[in-house]
Amino acid sequence: MRLYQLALPVLFALSACTDTAQPPEVATPAFVSAKVTTVCALYERALAETKAALLPAPLDIVIGCPGRTSLKSQRSAFERAAAVRTANAAPVPATAGTSDYGKRLFQRMISRGVPVQVATRMTTTREFKRALAARI
């Protein structure tokens, strides 16, 4: 019992200490915005192309993009896991480029909910080329 009587005041004293460390530096909004908007332009176009093809187009495709940061996932955990498996199994088109980033960007579109055939078409677009150049 004596140990608890000693430990309790020490814990209270430690909890009263303030953190004097500097907060982590945050990237400037203009810097983040330039990178994010190029990839989000790709996602927005992928959403539009998916809808135009009359395929299921969850808003998960554009979650986190400017103006859509408050969106919540419409898919269940099982659906999201299945999309990741589909993305990993999808053959990466040559138009995605030779870099690992092109492959990741292609797979990221599919895991967000873009159908494989639409994601494959998207690798030939100007938006995809710009997103490759941005390299987030």
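Keep in mind the model is a prediction, meaning the values are calculated, not measured.

Student: Even after reading the chapter, I still don't get the overall build of the protein chain, so can you show me in this structure?
Tutor: Summing up its helical and strand segments, the protein chain has six helices and zero strands in all. Each helix (α) and strand (β) of the protein chain, taken in turn from the N terminus, gives the series α-α-α-α-α-α. Burial statistics for the protein chain: of 136 residues in total, 28% are counted as buried. Put simply, the protein chain shows about 9100 Å² of open surface, and 63% of that area lies on carbon and sulfur atoms.

Student: Just checking my understanding: could you explain unusual backbone geometry for this structure?
Tutor: In most cases, non-glycine residues show a negative phi, while peptide bonds are predominantly trans. One non-glycine residue, L54, lies in positive phi territory at about 60°. Along the polypeptide, L54 turns up in the loop between α2 (29-52) and α3 (77-89). Given the relative accessible area of 77%, L54 is considered exposed.

Student: Looking at this model, I keep getting lost on helix α4 (residues 100-112). Mind explaining?
Tutor: Since one α-helical turn is 3.6 residues long, residues separated by three or four positions face the same way. The end-to-end C-alpha distance of α4 is 18 Å, a good match for the 18 Å that 13 residues give at a rise of 1.5 Å each. All of the buried residues in α4 are Y101, G102, L105, F106, Q107, M109 and I110.

Student: Mind showing me how you'd approach the packing of α4 against helix α6 (residues 126-134) here?
Tutor: At their nearest, the axes of α4 and α6 sit 10 Å apart, and the two run at 125° to each other. Judged by the angle between their axes, α4 and α6 are oblique. Crossing hand, α4 versus α6: right-handed. For the pair formed by α4 and α6, the contact residues are Y101, G102, L105, F106 and M109 on the first element and F128, A131 and L132 on the second. Taken together, the residues of the contact of α4 with α6 sort by class into seven nonpolar, one polar and no charged.

Student: I tried to follow the confidence of the model for the protein chain on my own but got confused; where do I start?
Tutor: Do not read the predicted coordinates in detail wherever pLDDT is low. Across the protein chain, the average pLDDT comes to 83, with 76% of residues at 70 or higher. Mean pLDDT across the secondary structure elements of the protein chain bottoms out at helix α1 (residues 2-15), with 60, and peaks at helix α5 (residues 116-122), with 96. With pLDDT under 50 throughout, residues 23-27 is counted as low confidence; its partners more than four residues away or in other chains account for one contact.

Student: In this structure, what is going on with the state of the cysteines? I would like to understand it.
Tutor: Linking two cysteines covalently via their sulfur atoms produces the bond known as a disulfide. Applying the stated criterion across every chain, the model contains one disulfide. A sulfur-sulfur separation of 2.2 Å characterises the disulfide bridge that pairs C40 with C65. Taking the torsion about the sulfur-sulfur bond, which here is approximately -90°, the covalent link between C40 and C65 counts as left-handed. Within this pair, whereas C40 is found in helix α2, its partner C65 is found in the loop between α2 and α3, the two being separated by 25 residues in sequence.

Student: What is the right way to look at the nonpolar core in this model?
Tutor: Core analysis: the biggest nonpolar cluster contains 24 residues, and L42, Y43, L105, M109, V114 and F128 have the highest contact counts within it. At the level of elements, α2, α4, α5 and α6 are the ones that each hand at least two residues to this core. Per-element tally for this core: the top contributor is α2, with six residues. The contacts of M109, once residues within four sequence positions are left out, are L42, Y43, V114, A119, M122 and F128.

How each quantity is defined
Residues numbered from 1 in each chain as written. Predicted model: local features only at pLDDT ≥ 70, side-chain atom pairs only at ≥ 80, totals over all residues. Heavy atoms only, no water. Helix = DSSP H or I, 4+ residues; strand = E, 2+ residues; numbered from the N terminus. Buried < 20%, exposed > 50% of the residue type's maximum accessible area, 1.4 Å probe, protein only. Areas by Shrake-Rupley, 256 points an atom, 1.4 Å probe, with all protein chains shown as cover. Expected span 1.5 Å × (residues − 1). Axes fitted to C-alpha atoms, helices over the stretch in contact; angles between N-to-C directions. Parallel < 35°, antiparallel > 145°, perpendicular 65-115°, else oblique. Left-handed = near helix turned anticlockwise from the far one by under 90°. Contact = heavy atoms within 4.5 Å. Nonpolar A, V, L, I, M, F, W, Y, C, P; charged D, E, K, R; others polar. pLDDT = per-residue confidence, 0-100. Disulfide = S-S within 2.5 Å. Core = buried A, V, L, I, M, F, W, Y, C linked by side-chain atoms within 4.5 Å.

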